[in-house]
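Breakdown of the fold
Chain residues, written in single-letter form:
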Amino acid sequence: MKKKLFSLLLALVLLAGVIPTLAMPAFAAEKTEDLFRLTEKRNMAVRITYDTAAPAVYLIAPDGKTAGKTAGDWQGLRREDDGKAIYLYVPEATAGQWKICYDKGQNKDMEVEWMPYGEVLSIRSLSGSADGGTLKVKYLLSYAGTSPISYTVSAAVCDENGNVVGKEELGTGTAVAGKEEELSFSLSKLNTFDKWRLHMEVRTVSGGVEVFDSLVADAPFAYTNPNTPEAMDGFDALVDFIDSSLRIDWSKTRKYMADAYILAVFRDGEAEPFYSQRLGEDETVDVIAADHSTAAKYRIELRYESHGVVSQPVTAEVDLALAALVTVPTEEITTAAQYRISYDFSRFTEAIPAVLTVNGVEEELSCKGASSLSVQLQEYDNEIEFVFSVSDSLHFRKGGKIWTDWKAPTLFLYEVGSTPVSTTKSEYTLVGKTASGCTVTIGEQTVTADENGGFTVTLPLKAGKNSFTVTAQSPSGNVSTQSFVVERRAAAVVETEGEGFSILSLLPLMLALLGSAGLTVFVLLAVKSFGKSRAANGTAVAVRNVVSASLYFVAAVLLVVTVFMAVEFFTLHGTVNSADFYFEAQSSVDEAYALMEEENDAMWTMILWIGLTLGALILAIVARLIPVPAGNGPKAPKPPKAPKEKKIKKQKDSASFEAPAPFAPPAPVAEPAPVVEPAPAAEPAPAAEPAPVVEPAPVADPAPAAEPAPVAEPAPVAEPAPAAEPAPVADPAPAEKEAPAPQQPKFCGNCGAKLSEGALFCSSCGNKI
């Protein structure tokens, strides 16, 4: 029972700790932070961005007064909420430190931004009418603030899109918002114009931010100033079809009292000018870029301004159809030697003056009726200009730059001659030269010559003769043509010094003979060498000798091939550098180039075989010098051959006799072998090489044992010490003396050859026994 009660109390304690924890997010603490500091009174807008639900937020003024906490706590405050942000508009916020108080609630992120703002100021309506020299204006403004509003009223000039391009100020003052007002302005300083537009601007400073608005009245008004100066006397207009421009020149009629000039150009009777410009008092020429193909007529108006008053306009109408009275060629490249200009001035009773300029040379003409002019062109660059005047102030300019070339372009084919070009390849590369920029056509192939006039074309060939025609056409249309033949042969034959024989044809035969001889020598040498390899180092010596001899033979074969390749190279080299080769190359550059490539290949092949020959020779020498371990003594020079001695069947001596030991494998024993009983002297130990050791015969008197014969080996070895002095023994039994040990044959320790009885040197290798 006590245990259950303890568990219940523990559960209540834990539950009491969890409940406040779960409830804490719903009652987060309210925070207050500094927001912004103002140095003067102004309108301020605050935006609070949230992510979940609108937080509880309000502002605290420097004097502690709240804004946005309760309704009406700050006069004029507006609060807006669009579901993502709260906006607080505080009009005339007092200077000092402002704070923000907020409770984020369930929002994880919340951002606060602030900035000054101004109350919207707008012109709701505007109209005006001219009554004599007075302009009456009516307007209505909308503004929620209390700041004073200033206005400016002007007479404006607008373009075809209604944009103001110029204006003349009529008056300024202070406006009133909220009701329609009426103003009056004098037009005494306004220039005469029938399409003035009323323009009004209003502005004020609201809460530290400047706000403004402007409006142009819909209806234009006309005004004629009785004090407007008279128009200028006129101007010259040049319609230039070469440079696509319109040139206005009033240098002859300028007004010296003018402060500025105002130029306007209209297209096809349009109400608004496509070009207008105010020019300084020293400017008397203006050039306008114009595409004359987009218009049929121009209207040009020119005014001047003096002491703020603009003069009456001087106007000129330009009919662009008059330009068609003169016809000039339009091509830029021609093969013609003459340039013809046609005109038709039949509509004019008087002759039309004109100026013809050809390559800088001017000629004044008087053209009447319909006729034409012929101009002699020089080769290549020409500049033609024809200017005619349909009135004293209207001129047209036509013409242009013309490139003329009536000569056929040069065409040179490097390999074309009186005889056909000969080759064995399936393609032929034609190399030629013509004038720069020409188009070269061969069959269905067309290429353009480079800046130097060069061109290259690869032509497919069929067996036999192939005829080709090359056409070079200049940009002006002149053509040069040339034909040639390429003969494709079945096989190429390179002839040298009048003989069709190549020494390389003997190379296979020579190699076959050398191979057969080498194989025979190799077999004989191997049989002989390995037949003498009974000694311990005989096999190594035989292998060394066979390898060395084989490498010498390979070097000899390679030398023969090298000689053949050298002969071939010098033959080709002599051919390529001969006078005959130069003349042959004139008829077939392709064949000459192939022969030069063959000479180059032969040179590098010869160098390769020389390298292989030297390599084989060096390897043969190195193989011959490789040391091979030999017998018991150093190698002695080969003595002259000793005469063959007869076999001695038996030797009897009262003192001693030699009995050759039986042939057995060498035993590496350093100490002398024990003396064989009943011999009185100890038997010397055999050497490491398979040379036989002579066993001393028993002697009657105590004397040193007979010195064993030296055995040849790669390095000298110590001679066996003299045998111990034998103790006196009884004479052997007679039977023992009469039957000595049987003699065994001797073999050379160096080459393994069988030795003659009693020989001091080996008859095969000359090694000392």
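Residues numbered from 1 in each chain as written. Predicted model: local features only at pLDDT ≥ 70, side-chain atom pairs only at ≥ 80, totals over all residues. Heavy atoms only, no water.

**Observations regarding the overall build of the protein chain**
Defined as follows: Only DSSP runs of H or I with at least four residues qualify as helices, and only runs of E with at least two residues qualify as strands; both kinds are numbered from the N terminus onward. Burial status follows relative accessibility: with a 1.4 Å probe on protein chains alone, a residue under 20% of its type maximum counts as buried, one over 50% as exposed, and anything between as partly exposed. Contacts between residues were defined by any pair of non-hydrogen atoms, one from each residue, lying within 4.5 Å. Only the protein chains shown count as cover for residues, with accessible areas throughout obtained via the Shrake-Rupley method and a probe of 1.4 Å.
The number of helices and strands found in the protein chain is 6 helices and 42 strands. By residue count, 35% of the 769 residues in the protein chain fall in the buried class. A fraction of 64% describes how many contacts in the protein chain between residues 6 or more apart in sequence connect residues 24 or more apart. Here the protein chain has roughly 45600 Å² of accessible surface; of this, 56% comes from carbon and sulfur atoms.

**What to know about the packing of aromatic side chains**
Aromatic ring pairs: the centre-centre distance and the angle between the two ring planes describe each pair. Put simply, the rule reads: Geometry of aromatic contacts follows a simple scheme: Phe, Tyr and Trp rings, the Trp one being its six-membered ring, pair when their centres are within 6.5 Å, and the pair is stacked under 30 degrees between planes, edge-to-face over 60, tilted otherwise. When the NZ atom of lysine or the CZ atom of arginine is within 6 Å of a ring's centre and also within 35 degrees of its normal, the charge is said to sit over that ring.
Under the counting rule described, the total for this entry stands at 17 aromatic pairs. Ring plane angle 35° and centroid distance 6.1 Å describe the contact between F386 and F388, whose orientation is recorded as tilted. Ring pairing ties together the aromatic residues Y343, F345, F348, F386, F388 and F396, which thus form one cluster. K398 extends its terminal NZ or CZ atom over the ring of F241, reaching a point 5.6 Å from the ring centre.

**Some words on unusual backbone geometry**
Even without being glycine, D268 reaches a positive phi, approximately 55°. Relative to the helices and strands, D268 is located in the loop between β19 (260-267) and β20 (275-280). In this model, N359 sits at a positive phi of 50°, which is unusual for a non-glycine residue. Following the sequence through the fold, N359 ends up in the loop between β28 (352-358) and β29 (361-367). The exposure class of N359 is partly exposed, given its relative accessible area of 31%.

**Focus on the sheet that holds strand β13 (residues 180-186)**
In plain terms, the rule: DSSP-based pairing: two strands are paired if at least 2 bridges between them are found. Here an angle of 0 to 180 degrees is reported between the N-to-C directions of two axes, which are lines fitted to C-alpha atoms, with helices fitted over the stretch in contact.
Taken in spatial order, the 3 strands of this open sheet run β9-β10-β13, and their pairing is antiparallel. Every interior strand has two partners, whereas the edge strands, β9 (121-131) and β13, have only one. Ignoring which end each strand starts from, the neighbouring axes of this sheet average 20° apart. Across 7 bridges, the pairing between strand β10 (residues 134-143) and β13 is antiparallel.

**Here we look at the pattern of salt bridges**
Note the threshold: Salt bridge, as applied in this entry: a Lys or Arg side-chain nitrogen positioned within 4 Å of an Asp or Glu carboxyl oxygen.
Evaluated as defined, the whole model comprises 14 salt bridges. Here R42 and E40 are joined by a salt bridge, their closest N and O atoms 3.1 Å apart. The partly exposed category is assigned to E40, whose relative accessible area is 41%. R278 is the salt-bridge partner of E305, the closest N and O atoms lying 2.6 Å from each other. In this pair, E305 is assigned in strand β22 (residues 297-306) and R278 in strand β20, connecting sequence segments 27 residues apart. A cluster of three or more residues bridged by salt bridges with shared partners is formed by D240, D243, E385 and R397.

**Quick notes on the sheet that holds strand β39 (residues 464-473)**
The strands that make up a sheet are held in pairs by hydrogen bonds between backbone atoms, and each pair lies either parallel or antiparallel. One open sheet holds the 5 strands; their spatial order is β34-β40-β39-β36-β37, and the pairing between them is mixed. Strands at the two margins of the open sheet, each flanked by one partner only, are β34 (421-423) and β37 (445-448). Sheet twist, expressed as the mean angle between neighbouring strand axes with direction ignored, is 25°.

**Things to note about the confidence of the model for the protein chain**
Formally: A residue's pLDDT is the confidence the predictor assigns to it, expressed on a 0 to 100 scale.
Confidence in the prediction of the protein chain, expressed as mean pLDDT, is 77, and 72% of residues score 70 or more. Across residues 8-27 the pLDDT falls below 50, and counting only partners more than four positions away or on other chains, this stretch makes 2 contacts in the model. Within the model, the stretch residues 648-739 combines pLDDT values under 50 with 120 contacts to residues more than four positions away or in other chains.

**Quick notes on the environment of Q75**
Considering the arrangement of structural elements, one finds Q75 in the loop between β4 (66-67) and β5 (78-81). Residue Q75 is classed as exposed on the basis of its relative accessible area, which comes to 74%. Put simply, Q75 and E92 are 17 residues apart on the chain and 9.3 Å apart in space, counted from C-alpha to C-alpha.

**As for a negative patch on the surface**
Here is the rule: Residues enter patches when their relative accessible area tops 30% and they take part in no salt bridge; the joining distance is 9 Å for like charges and 5 Å for the nonpolar side chains Val, Leu, Ile, Met, Phe, Trp and Tyr. When charges are counted, Lys and Arg contribute as positive and Asp and Glu as negative, whereas His and the chain ends are disregarded. To locate a charge, take atom NZ for lysine, CZ for arginine, CG for aspartate or CD for glutamate.
A grouping of D259, E281, D282 and E283 is seen on the molecular surface, where their side chains present a negatively charged patch. Tracing the chain through its elements places E283 in the loop between β20 and β21 (285-289). The class for E283 is partly exposed, based on a relative accessible area of 39%.

**What about the nonpolar core?**
The test is simple: What we call a nonpolar core is a set of buried Ala, Val, Leu, Ile, Met, Phe, Trp, Tyr and Cys residues that are connected through their side-chain atoms within 4.5 Å.
Grouped together as the largest cluster of nonpolar side chains are 48 residues, with contacts concentrated most on I248, I300, I341, I384, F386 and F388. Counting 26 residues, the second largest nonpolar core, distinct from the first, contains L135, I149, Y151 and F221.

**Notes on the pairing of β5**
Relative to strand β6 (residues 85-93), β5 runs antiparallel, the two sharing 4 bridges. Paired with D81 across the two strands is I86, which belongs to β6. Turn length for the β5-β6 hairpin, with the two strands adjacent in sequence and antiparallel, is 3 residues, and the turn residue G83 shows positive phi of about 90°.

**A word on the environment of F484**
Its place among the elements puts F484 in strand β40 (residues 479-488). Residue class for F484 comes out buried when judged on its relative accessible area of 5%. Separated by 64 residues in the primary sequence, F484 and P420 place their C-alpha atoms 7.0 Å from one another. Excluding residues within four positions of it along the chain, F484 makes contact with L413, V416, Y428, L430, L459, N466, S467, F468 and V470.

**Notes on the pairing of strand β2 (residues 42-50)**
As judged from the 7 bridges shared by β2 and β6, these two strands associate in the antiparallel manner. Residue pairing across strands places I48 opposite I86, the latter belonging to β6. As defined by bridge partners, β2 adjoins strand β8 (residues 110-116) across 7 bridges and the pair is classed as antiparallel. Note on β8: the bridge partner recorded for I48 is V112.

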